[in-house]
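Okay, here's what each chain looks like letter by letter:
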Amino acid sequence: MNFKNSKVSAPIWVLVVYLFLIALSWFIQLRFTEPDTPNKYQKTERIEFNGEQVEIRYLLIGKEEPRSAAFYFPDIYYKADFLISLAEADTSEESRIIFDYPLESLNGNEISLSIESRSEIASIFIDSLGIETVSVRGHGYGGLPAIEMISDSNISNSRIKNLVLLSSLGVQELQFLGNYSFNRSIYSMLHVMMKISEFMIPHMGYFYQQPLQDYYTKPLLEMDQSGVREQLKSLGLPVLIIHPVDDNYSSVTISQETHRLVPQSYFVSPDGSHKTYILEPEKIVSQLDWFTELSEKNDIANRNNASHERISDAQKEFDPDSVQDLNRSTLALLGFMVVLIATMSEDLGAISAGLLVASGLLPYWFAIAVTILGIFVVDMSIFLLGKYVGRPVIEKVPFRWFIKENDVQSAENTFKMRGVEIIFLARFLPGARLPVYLVAGILKVNFTFFLTYFFLAISIWAPLLIWLSAFVGEPILDYIKTYQNYALWVFMGLMLFIYLIVKLVVPLTTLKGRQRMVIKWRRFREKFS
């Protein structure tokens, strides 16, 4: 359709098409709902929790009404079905129960998704089944409620024989960014993004075929691991920790730290990846059989007979320098965040990268690389817009919000007098980058020259600002270890503080900067006086 001759503008047509697709998506979801086909092992049991009736769905593999059972806490990402192959191959106990945590009561009220609630509900559920002895097993996230259950003095542990952790999560310091406040801020953004995707993107029902839904994002928001270290230190039962060699779903460093904190624990690392649990369960079962055999022979380690060397090692303080670097997925996510911030504000991108370096979360050179990448994407886009669209681009949103006609005219005059070296200087002149790079494109400056001066400037500016942010931020960020709850506010405050230094204090060191500041102050007074 020719929008130029149409009485209806292009944005209206885009809105109409979008609303149609949203309506079609909801129609498909409501009209063609997938039936809830129960697993062949699925059972249900009703319990009472906090004065409300709750229906528990679980998978029972093996003997009905068993006296002993292996009780599996599944991971929130891979869920219960992931453990079926392992539970089918596992014959160390009479039955294997895979717990499926409920999201709401029979009255429709939401149930807390915290680690503590999961542990308490699981304990009530085991009581209701009348099981005499239980081997508790936690996979991934499921390791946290398993640890909580065994360490909770309010829960009867007489029936629990041992604990098995399968590529389990563990202490707070090794979870994602290592800080509850930092982690929760990222998980909150993830939850919001998923909600936007669910309700505002016409996904035609495909959204519900991927795992990043409420049962994954909501537990992350309530996941407080601040007490896990002390819980692990208090465990007295035999503990087996299994982590396949090439399993990158959770870092092997987490399992190694858990092994250090629990002096009676056994740590085994069979060949394979995270898929070993589902594709080659016999490798895991052989370790479970060995652990069960030791237990039956009463030849198994517990807190009372652990070696003095292991006990001494468990009492040592956590040394962050002794652990491996962040796993690749976490490093990639942090790098993406810096790139994203840098595309919105080059200064804030470099400052945030510097603070992440100061907190030990990013290597210095990696921080420089991702910052330059974000800046390169934005500045090259500005240059190419100027080159191929020309001067009319400054009349369009969003450029007209930031670039004034006078700034463009000034940049053009500067180019005529000084040449392309102004591209280098613009990196260090606040407020000059956008108009200079745009004019460089409009005047069709040789791309090789532009790129050379651009990279020469950015290779000095980015490392310098990142180093400055890390230098200023490091002593302040040390307090985060003590005041965990205020970590996010300290981090954001530091970003603002350094940003104000770059934008306000640094320009005052030059004559032109002081002149610009005086002009801005006069305009401000005229506007609000």
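Predicted model only: the values in this text are computed from it and were never measured. (Residues numbered from 1 in each chain as written. Predicted model: local features only at pLDDT ≥ 70, side-chain atom pairs only at ≥ 80, totals over all residues. Heavy atoms only, no water.)

Engineer: Describe the overall build of the protein, naming the residues involved and giving the relevant values.
Structural biologist: Broken down by element type, the protein carries 21 helices and eight strands. When each of the 529 residues of the protein is scored for burial, the buried share is 45%. Of the roughly 28,200 Å² of accessible surface on the protein, 59% is carried by carbon and sulfur atoms. (Helix = DSSP H or I, 4+ residues; strand = E, 2+ residues; numbered from the N terminus. Buried < 20%, exposed > 50% of the residue type's maximum accessible area, 1.4 Å probe, protein only. Areas by Shrake-Rupley, 256 points an atom, 1.4 Å probe, with all protein chains shown as cover.)

Engineer: How would you explain the sheet that holds strand β4 (residues 95-100) if you had to name every residue and give the values?
Structural biologist: Reading across from one edge, β1-β2-β4-β3-β5-β6-β7-β8 is the order of the eight strands in this open sheet, with mixed pairing throughout. Single-partner strands in this sheet number two, and they are β1 (42-49) and β8 (266-268). Sheet twist, expressed as the mean angle between neighbouring strand axes with direction ignored, is 25°. Strand contacts of helix α4 (residues 143-151): β3 (68-73), β5 (133-139) and β6 (160-166), with the helix running at about 155° to β6, the strand carrying the most contacts. Strands β3, β5, β6, β7 (239-242) and β8 of the sheet are contacted by helix α10 (residues 281-296), whose axis makes an angle of about 165° with β7. (Pairing = 2+ DSSP bridges. Axes fitted to C-alpha atoms, helices over the stretch in contact; angles between N-to-C directions. Contact = heavy atoms within 4.5 Å.)

Engineer: How would you explain a nonpolar patch on the surface if you had to name every residue and give the values?
Structural biologist: Side chains of L15, Y18, L19, V192, I196, F199 and M200 sit close together on the surface and give an oily, nonpolar patch of about 630 Å² of accessible area. Counting residues per element, the ones that place at least two in the nonpolar patch are α1 (10-31) and α5 (180-200). Here the nonpolar patch gets four residues from one element, more than from any other, and that element is α5. Tracing the sequence through the fold places V192 in helix α5. (Patch = residues over 30% accessible without salt bridge, like charges linked within 9 Å, V, L, I, M, F, W, Y side chains within 5 Å. Salt bridge = Lys/Arg side-chain N within 4 Å of Asp/Glu carboxyl O.)

Engineer: Talk me through the pairing of strand β2 (residues 52-62); I want residue IDs and the actual numbers.
Structural biologist: Across eight bridges, the pairing between β1 and β2 is antiparallel. Opposite R46, over in β2, you have E55 as the bridge partner. A loop of two residues connects β1 with β2, the two strands running antiparallel in sequence, and N50 in this loop sits at a positive phi of about 55°. Examined bridge by bridge, β2 and β4 share six bridges and lie antiparallel to one another.

Engineer: Lay out the pairing of β6 with the relevant residues and their values.
Structural biologist: Counting buried positions along β6 gives six out of seven residues, so the element sits mostly inside the fold. Both β5 and β6 contribute to a ladder of six bridges, which runs parallel. When the sheet's bridge partners are listed, V136 is paired in β6 with L163. Summarising the sheet, β6 and β7 pair through four bridges and their orientation is parallel. Among the inter-strand pairings, L165 is bridged to a residue of β7, identified as I241.

Engineer: Pulling in residues and values, what's your account of the nonpolar core?
Structural biologist: Judged by nonpolar contacts, the single largest core of 51 residues is most densely connected at F71, F99, V136 and L163. Leaving out residues up to four positions away in the same chain, L163 has contacts with V136, A146, I147, I150, L235, P238, V239, L240 and F291. Grouped together as the second largest cluster of nonpolar side chains are 38 residues, L334, V357, I458 and A470 included. (Core = buried A, V, L, I, M, F, W, Y, C linked by side-chain atoms within 4.5 Å.)

Engineer: Outline the packing of helix α3 (residues 115-129) against α4, listing residues and values.
Structural biologist: At their nearest, the axes of α3 and α4 sit 8 Å apart, and the two run at 65° to each other. What the angle tells us is that α3 and α4 run roughly perpendicular. For the pair α3 and α4, the crossing hand works out as right-handed. Together, I115, E116, R118, S119, A122, S123 and I126 of α3 and L144, P145, E148 and M149 of α4 make up the contact between the two elements. Taken together, the residues that form the contact of α3 with α4 break down as six nonpolar, two polar and three charged. (Parallel < 35°, antiparallel > 145°, perpendicular 65-115°, else oblique. Left-handed = near helix turned anticlockwise from the far one by under 90°. Nonpolar A, V, L, I, M, F, W, Y, C, P; charged D, E, K, R; others polar.)

Engineer: Tell me about helix α8 (residues 252-261), and name the residues and values.
Structural biologist: Among the ten residues that make up α8, eight are buried, leaving the element largely enclosed by the rest of the structure. Within α8 the residues assigned to the buried category are V252, T253, I254, S255, E257, T258, R260 and L261. If you follow the buried residues of α8, they end up packed against β6, α7 (228-234), β7, β8 and α11 (308-314). Backbone nitrogen of T253 and a side-chain oxygen of the N-cap are separated by 3.1 Å at the start of α8; the cap is S251. (Polar contact = N/O pair within 3.5 Å; in protein donor to acceptor, adjacent residues only side chain to side chain.)

Engineer: Could you give me a rundown of the environment of E293, with the residues and numbers involved?
Structural biologist: With respect to the helices and strands, E293 occurs in helix α10. Given the relative accessible area of 41%, E293 is considered partly exposed. Distance in space between the C-alpha atoms of E293 and S92 is 8.7 Å, their sequence separation being 201 residues.

Engineer: So, the pattern of salt bridges: which residues are in play, and what are the values?
Structural biologist: Side-chain pairs of opposite charge can arise whenever the charged atoms involved come near each other. Counted under the stated rule, the structure contains 13 salt bridges. R159 is paired through a salt bridge with D127; the nearest N and O atoms lie 1.9 Å apart. With a gap of 32 residues between them, R159 in the loop between α4 and β6 and D127 in helix α3 connect regions that are remote in the sequence. Under the relative-accessibility criterion, R159 is labelled buried at 11%. With a relative accessible area of 46%, D127 lands in the partly exposed category. Here R229 and E257 are joined by a salt bridge, their closest N and O atoms 2.9 Å apart. Of the two residues, R229 is situated in helix α7 and E257 in helix α8; the sequence distance between them amounts to 28 residues. Residues participating in the shared-partner salt-bridge network are E110, K195, E198, D214 and K218.

In short, shape yes, function no, at least from these values alone.
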